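Summary of the model geometry
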Amino acid sequence: MKRIFLLLALLPLFAPALRAQDVRKHYTSLATEKGTLYFVYPRKLAATGASGGKASLPFDLTYLTSADSLSFTVSLRVAGSGAVDSVHVVAPDGAQLSVVPERIYVDARRSGYEHRLRFGIPFEAARRLYEGASPYVLRFFTADGVCAYAFKAGAWNKERAVMRRIFGIFEMNR
C-alpha cells in the first residue's frame, strides 16, 4: 500500500518527462572540424492571403555551432522569373528582419519558376520566432510582387513545441 501511495505521489514529478516529444526524428547532426552541424528536416509553410506564389513553401534549416546564425533554404515557386530582392522575417511580436537571400538556382517549371534560395538570420532572432502564440511570417519580395507564407494555425502548436526542444539542444551544444 505504501509503495502504491509513493508511486502516485511521485508520478506528477515525472509527468512532464512522459509528455516530452522525441525530436530526434526531426533533425540529424554531424560532427565537423568547424563544430556540430545540425540539419532540421524539411518543413512546409502555407501561403497567406493573396500570395503570388504556390500554395506551400518547403524549407529546411541548418545550424553550425561555430556560427551564430541559422540558415533557411527554401524552394519558392512563383509565376514570374523576376529575382527575389529581399525576404522579410516577421516575428509573432511584430519585429521584422530584412535579409537579402542568396540565389542557389532558378529553374523553369510547368506553371512558372522555382527559386531555390538560402538566407541566414541570427540565432537569437531565429529562436524568438518559435516563442510566440502565433506563427511567424516569411515575406518574399520579387519583381513580380510579394509572396507571404506562415505555418497553418492547426500545425503551429506542434511545430513550435518541436522546434523549441530542438533549439534547447542547440543551446546546450553552443
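Everything quoted here is computed from the prediction, not taken from an experiment.

Of the residues in the protein chain, 86% have a pLDDT of 70 or more, and the chain-wide mean is 87. Note that residues 4-8 has pLDDT below 50 and, in this model, zero contacts with residues that lie over four places away or in other chains. The low-confidence segment residues 13-19, where pLDDT is below 50, has one contact with residues more than four positions distant or belonging to other chains.

Let us now look at the side chain of Glu-114. In this structure, Glu-114 sits in strand S8 (residues 112-122). Accessibility expressed as a relative area gives 7% for Glu-114, which makes it buried. Side-chain polar atoms of Glu-114 contact the side chain of Arg-109, separated by 3.1 Å. Apart from residues no more than four positions distant in its own chain, Glu-114 is found in contact with Ser-75, Leu-76, Arg-77, Tyr-105, Val-106, Asp-107 and Arg-109.

Here we take up the pattern of salt bridges. Two side chains that carry opposite charge are able to pair once their charged atoms sit near each other. Per the stated rule, a full pass over the model turns up 13 salt bridges. Arg-43 serves as the salt-bridge partner of Glu-159, at 2.8 Å between the closest nitrogen and oxygen. Remark: Arg-43 occurs in strand S2 (residues 35-47) and Glu-159 occurs in helix H3 (residues 153-172); sequence separation between them is 116 residues. On the basis of relative accessibility, which here comes to 11%, the residue Glu-159 falls in the buried class. For Arg-43, a relative accessible area of 10% puts it in the buried group. Salt bridges linked by common partners bring Asp-68, Glu-124, Arg-127, Glu-131, Glu-171 and Arg-174 together as one network.

Each value, and the rule that gives it
Residues numbered from 1 in each chain as written. Predicted model: local features only at pLDDT ≥ 70, side-chain atom pairs only at ≥ 80, totals over all residues. Heavy atoms only, no water. pLDDT = per-residue confidence, 0-100. Contact = heavy atoms within 4.5 Å. Helix = DSSP H or I, 4+ residues; strand = E, 2+ residues; numbered from the N terminus. Buried < 20%, exposed > 50% of the residue type's maximum accessible area, 1.4 Å probe, protein only. Polar contact = N/O pair within 3.5 Å; in protein donor to acceptor, adjacent residues only side chain to side chain. Salt bridge = Lys/Arg side-chain N within 4 Å of Asp/Glu carboxyl O.

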